[in-house]
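Summary of structural features
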Amino acid sequence: MAKASPQFTCTECGAAHKKWAGKCDACGAWNSIVEEAPLSTGPASKTLGAAKGRRIELSTLAADEAPPPRTRSGMIEFDRVLGGGLVPASAILVGGDPGIGKSTLLLQAVANFARSGLKCLYISGEEASAQVRMRAGRLGLSEAPVQLGAETNLRNILTTLEAERPDLVVIDSIQTMWADMVEAAPGSVSQVRAAAHELVTFAKTRGVSVILVGHVTKEGQIAGPRVVEHMVDTVLYFEGERGHQFRILRAVKNRFGPASEIGVFEMTGAGLAEVANPSALFLSERGQAAPGSAVFAGIEGTRPVLTEIQALVAPSSLASPRRTVVGLDSGRVSTILAVLESRCGIPFTGLDVFLNVAGGMKVLEPAADLALAAALLSAREDVALPPDLVIFGEISLSAALRPVGQAENRLKEAEKLGFSQAIAPQGTKVEGGAGMRLRKLPDLVTFVGDMFGAG
Ligand code: TYD
Ligand code: MG
């Protein structure tokens, strides 16, 4: 057999390259390309030829089937992110940094699914069964009818699954699995891809739901979870700051529910506790009205979440001043700084800018533009905004304010949390209620004049 030429693969996104390069053209990651044995060593240049295949059965779009029956774990935050519970025969990827709490979350979830009647298997490739049992003991889950296995050989796992026929299996983690037909080290792109493919195919054909755990990797040698994102039905990321106890489970892809839905958890001594009212949590550390703080009424998935955007503006000693942004899109921040400078005449040259979303939350909605600008201006002018004010709205490059969706939900949530005034773009369809004074402004210049005097 002819020896196949080596292949180079990006460990971040899985793109194939002919030769090594420092940067992956496909995803822009640096130093992520590694040499790997090709996926298939067979001759790839052959075409299918003239031999006929089996004719596949086609059907119409009209469905008489009911929507898939879902099983709820009883962990409301987890079920919501799944789109209302677990769909049978679905494949789910849960990604996150090492140590963020993925194993803890899934052990709790799987124990709850087992208690609600599903036959559940938890296969750990990283920890010994005794370790998982110890953690279950600490979490008070020892009684849950979950079956544990410690194994990394995919063939053994599939054989076990075939015999056991569980409803749900958790594979912790996909990077530790190895398939013996692939000649590559565990954790390499070809191994991770092959293992995920086998498991997902098994899930689809045998009606087993499978949850794959994937570590987000910082440097090149181990394949990241993005390599398998396209194979699964649902992609969830578990995020949060290591120093903070808040954790956010975010759906970035979901074939069975809304994407960008979030679930909020708090890491406690007894595992992850659900946070029923995230807005109250994110605002709980807010002190008295201080310059540089603005409250944004946002929407995460299907529910409103209020967050505090904090800004600090200080004279810079650097030739190109700092722009440090945590939890917000830095491109968006640059755009707003440029709009403030050229449309409103408020320059930030010679000033360091630090921006942060309190509580370790990520806010990526364009609707946060106005709150972001308000925090920046409030910090720059050293003037505190009213403590009972929420803000939302998108800023266009012309400095006009553009209305955003779900204004009513945003206002309702704000009112529920005791806010009594709001600022929104001119075209916003709703009116303020009895407990909420709503001001609608046409552009950023009016906003600056209104809040901070004539600028
Ligand atoms: P783990 O679930 O092992 O993370 P991952 O699987 O994502 O690598 O969680 C690890 C961290 O969680 C560890 O630093 C300790 C912490 N932790 C708690 O604070 N409380 C708990 O009850 C448990 C089980 C873990
Ligand atoms: Mg783990």
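Residues numbered from 1 in each chain as written. Chains lettered and ligands numbered in written order. Predicted model: local features only at pLDDT ≥ 70, side-chain atom pairs only at ≥ 80, totals over all residues. Heavy atoms only, no water.

Within the chain one finds ten helices and 21 strands. Seen through its principal axes, the chain has C-alpha atoms that stretch 75 × 50 × 50 Å. When the 455 residues of the chain are sorted by exposure, 49% land in the buried category. Sequence separation of 24 or more characterises 66% of the internal contacts of the chain that already satisfy a separation of 6 or more. Summed over its atoms, the accessible surface of the chain is roughly 21400 Å², and 53% of this surface lies on carbon and sulfur atoms. Side-chain charges of the chain comprise 45 positive and 47 negative groups, with the mean position of each set lying 4 Å from the other. (Helix = DSSP H or I, 4+ residues; strand = E, 2+ residues; numbered from the N terminus. Buried < 20%, exposed > 50% of the residue type's maximum accessible area, 1.4 Å probe, protein only. Contact = heavy atoms within 4.5 Å. Areas by Shrake-Rupley, 256 points an atom, 1.4 Å probe, with all protein chains shown as cover. Lys, Arg positive; Asp, Glu negative; His and termini not counted. Charge placed at Lys NZ, Arg CZ, Asp CG, Glu CD.)

Mapped onto the secondary structure, Q191 falls in helix α5 (residues 189-206). On the basis of relative accessibility, which here comes to 1%, the residue Q191 falls in the buried class. Once you skip the residues sitting within four places of it in the chain, Q191 turns out to touch M177, W178, A179, V182, A184, A185 and P186.

Turning next to the environment of P291. Mapping P291 onto the fold places it in the loop between α6 (278-283) and β13 (293-300). A residue is classified by how much of its surface remains accessible, and P291, at 38% relative accessible area, is partly exposed. With residues up to four places along the chain from it excluded, the contact list for P291 reads S378, A379, D382, V383 and A384.

Below, the discussion takes up the nonpolar core. Ranked by size, the top nonpolar core spans 68 residues in total, and within it F348, L355, L376, I391, L444 and F447 carry the most contacts. For this core, the element with the most residues is helix α8 (residues 369-381), which contributes nine residues. Non-local contacts of F447, meaning those with residues more than four positions away in its chain, are made with L370, A374, L377, I391, I423, L441 and F452. One finds F113, V132, L139 and F238 within the second-largest nonpolar core, a separate group that totals 34 residues. (Core = buried A, V, L, I, M, F, W, Y, C linked by side-chain atoms within 4.5 Å.)

Around ligand 1 sit 16 residues, and of these G99, K102, S103, T104 and G271 come closest. In this structure, an oxygen atom belonging to ligand 1 sits 2.6 Å away from a side-chain N or O atom of T104. Top element by residues in the shell around ligand 1 is helix α2 (residues 102-115). It accounts for three residues. Looking at side-chain class alone, the shell around ligand 1 contains five nonpolar, seven polar and four charged residues. (Near = heavy atom within 4 Å. Polar contact = N/O pair within 3.5 Å; in protein donor to acceptor, adjacent residues only side chain to side chain. Nonpolar A, V, L, I, M, F, W, Y, C, P; charged D, E, K, R; others polar.)

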